[in-house]
Amino acid sequence: MSNMELSEQELIRRASLQKLRDLGINPYPANEFKNNVTANQILTTFNSEIPNLQEVVFAGRLMSQRIMGKASFGELQDETGRIQIYVTRDEICPGEDKTLYNEVFKKLFDIGDIIGVKGYVFITQMGETTIHVKELVLLSKSIRPLPVVKEKEGKTFDAFTDPEQRYRQRYLDLIVNPHVKEVFLKRTKMINQMREMFNERGYIEVETPILQPIPGGAAARPFMTHHNALNIQLYLRVANELYLKRLIVGGFEGVYEFSKDFRNEGMDRTHNPEFTVMEIYVAYKDYNWMMDFTEEMIERVALALNGKTSIPVGDKEIDFKRPFKRITMFEAIREYTGFDISEMDENALRDVCQKIGVEFDNTMGKGKLIDEIFGEKCEGHYIQPTFITDYPVEMSPLCKKHRSNPELTERFELIVNGKELCNAYSELNDPIDQLDRFQEQLRLSEKGDNEAMFIDMDFVRALEYGMPPTSGMGIGIDRLTMLMTNSVSIQDVLLFPQMKPEKRAEEDPAEKYLELGIPAEWVEVLMKMGYKKVSQLKDVKPGKLFNDLCGFNKKNQLGLLNPVANDVSNWLN
RNA sequence: GACUCUGUAGCUCAGCUGGUAGAGCAAUUGACUCUUAAUCAAUGGGUCGAGGGUUCGAUUCCCUCCGGGGUCACCA
């Protein structure tokens, strides 16, 4: 990058970097820095009466500096928080040479630098726990200014809030917005809790293919890719369900996977093209058992994260205390529309849609119509955790038929805050029924439903060898995190949410300018002046360009030797 | 994809009906040995997202494009 593209503050920091090197200070030292304490440890364990922590070694990022002549305060931030430091000239520079304080600490250190200190902990007159610094060392120089966020009495000033920058440059967001880190710590804690619970029960964590020849297990548009050596089309998985069930066939009796899935669909507050799902399959269980299991898991997570089962979400309070409400889909529809659809055929369902104002078209079968009614009229009403059970068979091609009604399946979804959180089945293990259902999906697909499933014949073959009765459950980890952290957007619970790539203005490579006989140093100047492409030079008058170049050189004090007017007109020919 | 709001200094934002831009913090220089949004004084910093149009003149009005937010559609 040429210096002309840098801001004033960046130039100053690069100059500081050079001055540090000139003073014999390596701005990026290689050696280990043996810190022995964190900010949080100091803040929570220091006792001024003993006193303890009299030989601390601490490393962190300099977040503020308050210089008062021969003494200074600053704040260092590590992973656990911020701690104030107190630096005096004569203590870090005991001899005659005061350079380390006057030059290095006061002038060459900037907000954002990573530094290490040695000293002892004390409490200032203002009551702030502080490290009294006796030694100071630069660990990494920051040459790009950080947004400076200030805070007093809980009020934040100049908060760094631009969503675009926060998501694109998450590292910045994490540095200056401490609450952001909390969300991701909770996310990890949540996953750890779940993993712990599954492991306690002896279930096995497994990994299954992300690149799949048949994107099965869910009806969604997949991302496609190509394998060169095999010369085949591959898909990024939309689900891992069929692979986990193959493992149940293979004799594992409890398997789970935290799975990144990919769906080539729209993006919004609750959808990211890649997202995380936890799926678990347990042999010899049914969906009733799985409801109990799911309740236990979610209650446990809520307690671990927040110490209580009840959590604020938006302007509501959601309580994850067991047991959750259970209601069948038909009852739910009756509750919110007044219609009993349990005996209705496709045409009767269309009438109902008409009457209650639910849009539909002719590609929709019975299952899709019912789902549409539920989605439009019921789902949003269930704020507290509610299991919706017994979905129509058409909507659930991988789910076992209901033990008491072949029109229905043994399926439940957990709805929280009006949105689906979990999906679970008594898994279909009848291979002949499974193939029929796949073929029915194919017919739907031919009818125009582009979300119907692909047929995975190897999966059917696996079932033919025999799969024990099994219950499986999938839960959206991103959405669970949103609930548990009261986040409104999926982007707030993903460290690096998908964004459109940043685009830089188009510009010609330097060679194109050099070909015209323009010296390299003037190419940079032309670019900076706005001539990003050689074609832009076409209609420029040589005299004007000559004047502009000289003027730019002078104004910006580039110190270049001005070109000769004749040369400039030669460039333009 | 549609509608709508939005893009001005490193950050947060002003900028009326068109006359090439302001503030606070940050930065630079100086003063200050217990400050904490430190304080005080001075100084510098901007192709006002990109391109085109109207105009004597555009950050401002119009069009196109590129980012981003929100709402809706899509997401069994």
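Look up a bit, the structure's there.
Residues numbered from 1 in each chain as written. Chains lettered and ligands numbered in written order. Predicted model: local features only at pLDDT ≥ 70, side-chain atom pairs only at ≥ 80, totals over all residues. Heavy atoms only, no water.

Visitor: In this structure, what is going on with the overall build of chain A? I would like to understand it.
Guide: On a plain count of helices and strands, chain A comes out with 19 helices and 22 strands. Accessible area for chain A stands at about 29,900 Å²; split by element, carbon and sulfur atoms hold 49% of it. (Helix = DSSP H or I, 4+ residues; strand = E, 2+ residues; numbered from the N terminus. Areas by Shrake-Rupley, 256 points an atom, 1.4 Å probe, with all protein chains shown as cover.)

Visitor: Sorry if this is basic, but what is going on with the protein's contact with RNA strand B here?
Guide: Not every one of the 53 residues close to RNA strand B is listed here, only the nearest: Gln125, Lys150, Glu164, His271 and Asp371. The protein-proximal atoms of RNA strand B, defined as those within 4 Å of the protein, are 60% sugar or phosphate. For RNA strand B, a phosphate oxygen lies 3.3 Å from a polar atom in the side chain of glutamine 491. Secondary-structure elements contributing two or more residues to the surface near RNA strand B are α1 (8-22), β1 (56-68), β2 (71-78), β3 (81-88), β6 (150-152) and α5 (163-168). Grouping the amino acids of the surface near RNA strand B by side-chain chemistry returns 20 nonpolar, twelve polar and 21 charged. (Near = heavy atom within 4 Å. Polar contact = N/O pair within 3.5 Å; in protein donor to acceptor, adjacent residues only side chain to side chain. Nonpolar A, V, L, I, M, F, W, Y, C, P; charged D, E, K, R; others polar.)

Visitor: I tried to follow the packing of helix α7 (residues 178-200) against helix α15 (residues 477-485) on my own but got confused; where do I start?
Guide: Packed helices, taken two at a time, are described by their axes: the angle between them and the distance between them. Two elements in contact, α7 and α15, have axes whose closest approach is 10 Å; the angle formed by their N-to-C orientations is 120 degrees. Taken as axis vectors, α7 and α15 run oblique relative to one another. In this structure, the crossing between α7 and α15 has a hand that is right-handed. In this structure, α7 contributes Val183, Lys186, Arg187, Met190, Ile191 and Met194 to the contact, and α15 contributes Ile477, Asp478, Leu480, Thr481, Met484 and Thr485. (Axes fitted to C-alpha atoms, helices over the stretch in contact; angles between N-to-C directions. Parallel < 35°, antiparallel > 145°, perpendicular 65-115°, else oblique. Left-handed = near helix turned anticlockwise from the far one by under 90°. Contact = heavy atoms within 4.5 Å.)

Visitor: What's the story with the side chain of glutamine 84 in this structure? I'm lost.
Guide: Within the secondary structure layout, glutamine 84 lies in strand β3. By relative accessible area, glutamine 84 is classed as buried at 9%. Polar side-chain contacts of glutamine 84 include one of 2.9 Å to the side chain of threonine 130. Once you skip the residues sitting within four places of it in the chain, glutamine 84 turns out to touch Arg66, Phe73, Gly74, Glu75, Thr124, Glu128, Thr129, Thr130 and Ile131. (Buried < 20%, exposed > 50% of the residue type's maximum accessible area, 1.4 Å probe, protein only.)

Visitor: Sorry, what's going on with the pattern of salt bridges here?
Guide: Pairing between side chains of opposite charge can happen when the charged atoms of each approach one another. For the structure shown, the criterion picks out 37 salt bridges. Of the charged contacts, one joins arginine 166 and aspartate 492 as a salt bridge, the two residues approaching to 3.9 Å between their closest N and O atoms. Taken together, the residues arginine 166 in helix α5 and aspartate 492 in the loop between α15 and α16 (510-515) connect sequence positions 326 residues apart. With relative accessibility at 18%, the residue aspartate 492 sits in the buried group. Ionic pairing is found between aspartate 433 and arginine 437, a salt bridge with its closest N-O pair at 3.2 Å. (Salt bridge = Lys/Arg side-chain N within 4 Å of Asp/Glu carboxyl O.)

Visitor: Looking at this structure, how should I read the nonpolar core?
Guide: A general trend in soluble globular proteins is that nonpolar side chains are found buried together. With 38 residues, the main nonpolar core has Phe198 and Ile475 as its most contacted residues. No other element matches helix α9 (residues 287-306), which puts nine residues into this core. When near neighbours in sequence (up to four residues on either side) are disregarded, phenylalanine 198 contacts Tyr203, Tyr256, Phe258, Met278, Ile280, Phe293 and Met297. Core analysis: the second largest hydrophobic core is formed by 26 residues, Val56, Phe58, Leu62 and Val133 among them. (Core = buried A, V, L, I, M, F, W, Y, C linked by side-chain atoms within 4.5 Å.)

Visitor: Any chance you could explain the sheet that holds strand β9 (residues 211-212) here in plain terms?
Guide: Sheet strands pair via backbone hydrogen bonds, and the direction of the pair is either parallel or antiparallel. Reading across from one edge, β9-β11-β10 is the order of the three strands in this open sheet, with antiparallel pairing throughout. The open sheet has two edge strands, β9 and β10 (224-227), and neither has a second partner. (Pairing = 2+ DSSP bridges.)

Visitor: Explain the sheet that holds strand β4 (residues 114-123) here, please?
Guide: Strand order in the closed barrel made by the five strands is β1-β2-β3-β5-β4, with mixed pairing throughout. Pairs of neighbouring strands in the sheet enclose a mean axial angle of 50 degrees, with direction left out of account. Bridge count for β4 against strand β5 (residues 129-140) is ten bridges, and the pairing is antiparallel. Bridge assignment links glycine 116 to a residue of β5, and that residue is valine 137. Here helix α4 (residues 99-108) sits on the sheet in contact with β1, β2, β3 and β5, set at roughly 90 degrees to β1.

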